[in-house]
Amino acid sequence: AGRRVGVLGLGRSGLTAARALRAGGARVLAWDDTEKPRRAAAAEGFALHDLSRPDALQALAVLVVSPGIAHLYPRPHPVVASAWMAGVPVDNDIGLFFRSYAVNGRAPSGAGGAAPKVVAVTGSNGKSTTAALIHHVLTQAGRPVQLAGNIGRGALDLEPAVADEIAVLELSSYQIDLARSLTPEIAVFLNLSPDHLDRHGGIGGYFAAKRRLFAEGDPAFAVIGVDDVEGRYLANRMAGGAVPGRVVQVSSECDLSGSGQGVFTRAGVLIEISGGRRSAMVDLRGISVLAGVHNHQNACAAYAVARVLNVGPEAIEAAFRSFEGLPHRGQVVAQKRGVRFVNDSKATNPKSAAQALQSFDRVRWIAGGQEKQGGLGVAVDHLDAVVKAYLVGAASESFARQLGETRHEICATIAAAVAKAASEAAPGDVVLLAPAAASFDQFENFEERGEAFIAAVARLPD
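Draft legend 1. Representation of the overall build of the chain in the model. Assigned secondary structure in the chain consists of 15 helices and 20 strands. Relative to its length of 462 residues, the chain is compact, with a C-alpha radius of gyration of 23 Å against a globular reference of 23 Å. With respect to the three principal axes, the spread of C-alpha positions in the chain is 65 × 55 × 40 Å. Here the chain, with 462 residues, has 55% of them falling under the buried criterion. Restricting the contact set of the chain to residue pairs at least 6 apart, pairs at least 24 apart contribute 64%. Of the accessible surface of the chain, which amounts to about 19200 Å², a share of 50% is contributed by carbon and sulfur atoms. In the chain, the 46 positive side-chain charges and the 45 negative ones have mean positions that sit 2 Å from each other.

Draft legend 2. Geometry of the sheet that holds strand 18 (residues 386-392). In spatial order, the strands read 15-16-20-17-18-19; together these six strands make up an open sheet with mixed pairing. Strand pairing shows two members of the sheet lacking a second neighbour, strand 15 (331-336) and strand 19 (408-412), which therefore form its edges. Across the sheet, the mean angle from the axis of one strand to that of its neighbour is 20 degrees, orientation sign disregarded. Relative to strand 20 (residues 430-433), strand 17 (residues 363-368) runs parallel, the two sharing four bridges. Each bridged residue has a counterpart across the sheet, and for Arg 364 the counterpart in strand 20 is Val 431. Contacting strand 17, strand 18 and strand 20, helix 12 (residues 350-357) runs over the sheet at an angle of about 170 degrees to strand 17. The sheet contacts of helix 15 (residues 446-458) involve strand 15, strand 16 (339-343), strand 17 and strand 20, and relative to strand 15 the element is tilted by about 15 degrees.

Draft legend 3. Representation of unusual backbone geometry. Following Tyr 73, the chain continues to Pro 74 via a peptide bond in cis, the omega torsion being -5 degrees. Counting through the fold element by element, Pro 74 comes out in the loop between strand 4 (60-65) and helix 3 (78-86). With a phi angle near 70 degrees, Asp 164 is a residue other than glycine that sits in the positive phi range. Structurally, Asp 164 is set in the loop between strand 7 (145-149) and strand 8 (166-170).

Draft legend 4. Highlighting the packing of aromatic side chains. This structure, assessed with the given rule, holds five aromatic pairs. Taking 5.0 Å as the distance between ring centres and 25 degrees as the angle between the ring planes, the aromatic pair formed by Phe 97 and Tyr 101 counts as stacked. A residue pair is termed a helical-turn pair when its members lie 3 or 4 positions apart in one helix, as Phe 97 and Tyr 101 do in helix 4 (residues 93-101) at four residues. Classification of Phe 97 as buried rests on a relative accessible area of 3%. Between the aromatic rings of Phe 189 and Phe 207, the centroid separation amounts to 6.1 Å while the plane-to-plane angle is 70 degrees, which identifies the pairing as edge-to-face. In this pair, Phe 189 is assigned in strand 9 (residues 186-189) and Phe 207 in helix 8 (residues 203-215), connecting sequence segments 18 residues apart. Exposure class is identical for Phe 189 and Phe 207. Each is buried. Cluster of aromatic residues (ring-pair linked, three or more members): Phe 189, Phe 207, Phe 214 and Tyr 233. Its guanidinium or amino end placed over the ring of Tyr 174, Arg 199 lies 3.8 Å from that ring's centre, counting from NZ or CZ.

Draft legend 5. Up close: the packing of helix 10 (residues 293-308) against helix 11 (residues 313-322). Where helix 10 meets helix 11, the axes come as close as 10 Å, and the angle between the chain directions of the two elements is 140 degrees. It follows that helix 10 is oblique to helix 11 by the angle criterion. Here helix 10 runs over helix 11; the crossing is right-handed. Two secondary-structure elements touch here, helix 10 through Ala 299, Ala 302, Tyr 303, Ala 306 and Arg 307 and helix 11 through Pro 313, Ile 316 and Phe 320. Across the contact of helix 10 with helix 11, the residue classes break down as seven nonpolar, no polar and one charged.

Draft legend 6. Examining the nonpolar core more closely. Counting 51 residues, the largest nonpolar core has Leu 21, Val 64, Phe 97, Leu 169, Leu 213, Phe 214 and Ile 224 as its most contacted members. Among the elements that make up this core, the one with the highest residue count is helix 4 (five residues). Once residues within four sequence positions are removed from consideration, Phe 214 is found in contact with Ala 187, Val 188, Phe 189, Pro 219, Ala 222, Ile 224, Leu 234 and Met 238.

Draft legend 7. Main features of the pairing of strand 7. Burial within strand 7 is extensive, with five of its five residues counted as buried. With five bridges joining them, strand 7 and strand 8 adopt parallel strand pairing. Following the sheet pairing, Leu 147 is matched in strand 8 by Val 168.

Draft legend 8. Structural context of helix 1 (residues 12-23). Here helix 1 contains 12 residues, and its C-alpha end-to-end distance of 17 Å stays within 8% of the 16 Å for a straight helix at 1.5 Å per residue. When we look at burial in helix 1, the residues that qualify are Ser 13, Gly 14, Leu 15, Thr 16, Ala 17, Ala 18 and Leu 21. On its buried face, helix 1 is in contact with strand 1 (4-8), strand 2 (27-31), helix 2 (35-43), strand 4 and helix 4.

What counts and how
Residues numbered from 1 in each chain as written. Predicted model: local features only at pLDDT ≥ 70, side-chain atom pairs only at ≥ 80, totals over all residues. Heavy atoms only, no water. Helix = DSSP H or I, 4+ residues; strand = E, 2+ residues; numbered from the N terminus. Rg over C-alpha atoms; globule rule 2.2 N^0.38 Å. Buried < 20%, exposed > 50% of the residue type's maximum accessible area, 1.4 Å probe, protein only. Contact = heavy atoms within 4.5 Å. Areas by Shrake-Rupley, 256 points an atom, 1.4 Å probe, with all protein chains shown as cover. Lys, Arg positive; Asp, Glu negative; His and termini not counted. Charge placed at Lys NZ, Arg CZ, Asp CG, Glu CD. Pairing = 2+ DSSP bridges. Axes fitted to C-alpha atoms, helices over the stretch in contact; angles between N-to-C directions. Phe/Tyr/Trp six-rings, centres within 6.5 Å; stacked < 30°, edge-to-face > 60°. Lys NZ or Arg CZ within 6 Å of the ring centre and 35° of its normal. Parallel < 35°, antiparallel > 145°, perpendicular 65-115°, else oblique. Left-handed = near helix turned anticlockwise from the far one by under 90°. Nonpolar A, V, L, I, M, F, W, Y, C, P; charged D, E, K, R; others polar. Core = buried A, V, L, I, M, F, W, Y, C linked by side-chain atoms within 4.5 Å. Expected span 1.5 Å × (residues − 1).

In structure tokens:
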């Protein structure tokens, strides 16, 4: 209260942080490098202050930086670099959230109830679905719960915590890397695959950012996917200590029967291991929104979190069956003339696209966009089900070269690809949007790209 705070970047998280800071009595000095966000902030009454000017950072208590702004690699934003030189602490909305939510490392309790808890979920793929699934399970179990972070609602937009409440946060590597405070009660690591390498100086820096949630967050409980070597390393590092069962391993590929605490799937059945013995099972095979190996891992992680929070197996299974999934993540948008149309616009990297491809038997694959480092990567190892690929966006020609003998056609736009794929599809085929690339060549974000797919499918004859 009463202190000058700079906010750099006025997108969703930046504006949310600015509003929260103003509500807390801070003097907010807001800035964005582009005109449109500045106009939006000014319309809400925020004072615009060009933080790039000489001496602009004088007397700032803190500089709050939005996740889309580079703070280290490939090079720090000039305002961030100036803040370092001026001795101004740099933080983000997640750091502010934990600082304001937590007292002595844990949230304060309300009268007559337990202290609120934070569940923080990270990973290269599946974190949105896992966070939403945890939120759904807890809601169905009658627990007070809120969902925010990288999933659509800013963390500082949450309602004030009440006793017994659980805040579920989906956190990206950008958000974790810069946060000066990280104190989740339960931290979840799903997996790691190459992504955002330019922002982290390589795969090691990317993993180091994710690992901060555990190494510096020191969660009371850790739920860790062990299907990748980084997860196995992290689980080993977190094991031990005074809390029995502190680490719960989860897997959709490995049999964890020998572990003390674990949740894994075998042939579509989720199996819980407690004290080295099987204690519960959930059949996932009839739950279409949780189909595929990648969704089985999401289900295992959500199950493990719910069990740590003392939700019973039967209640979890019932909640799984009523879960409707998320838009743009394996979303079945229509079935026309025996052909299914699936929107997985969130498959923005090769591994998530490969997982989507493995979920179906006959795929007409729409891929492309802004190519990431490594191109199609592991996706080219999972083309057996691809009848034909329809390539869109800036990566079209590059992806065409990487597909080898797989039939493909360059269609340029989502609309053209949908129309062409639909005209060639036979009953039983799946027209799948799983781009394996970023959306920024043609769209503002993956949601806008997914909506373009949905609109194109809606225009097809029934």
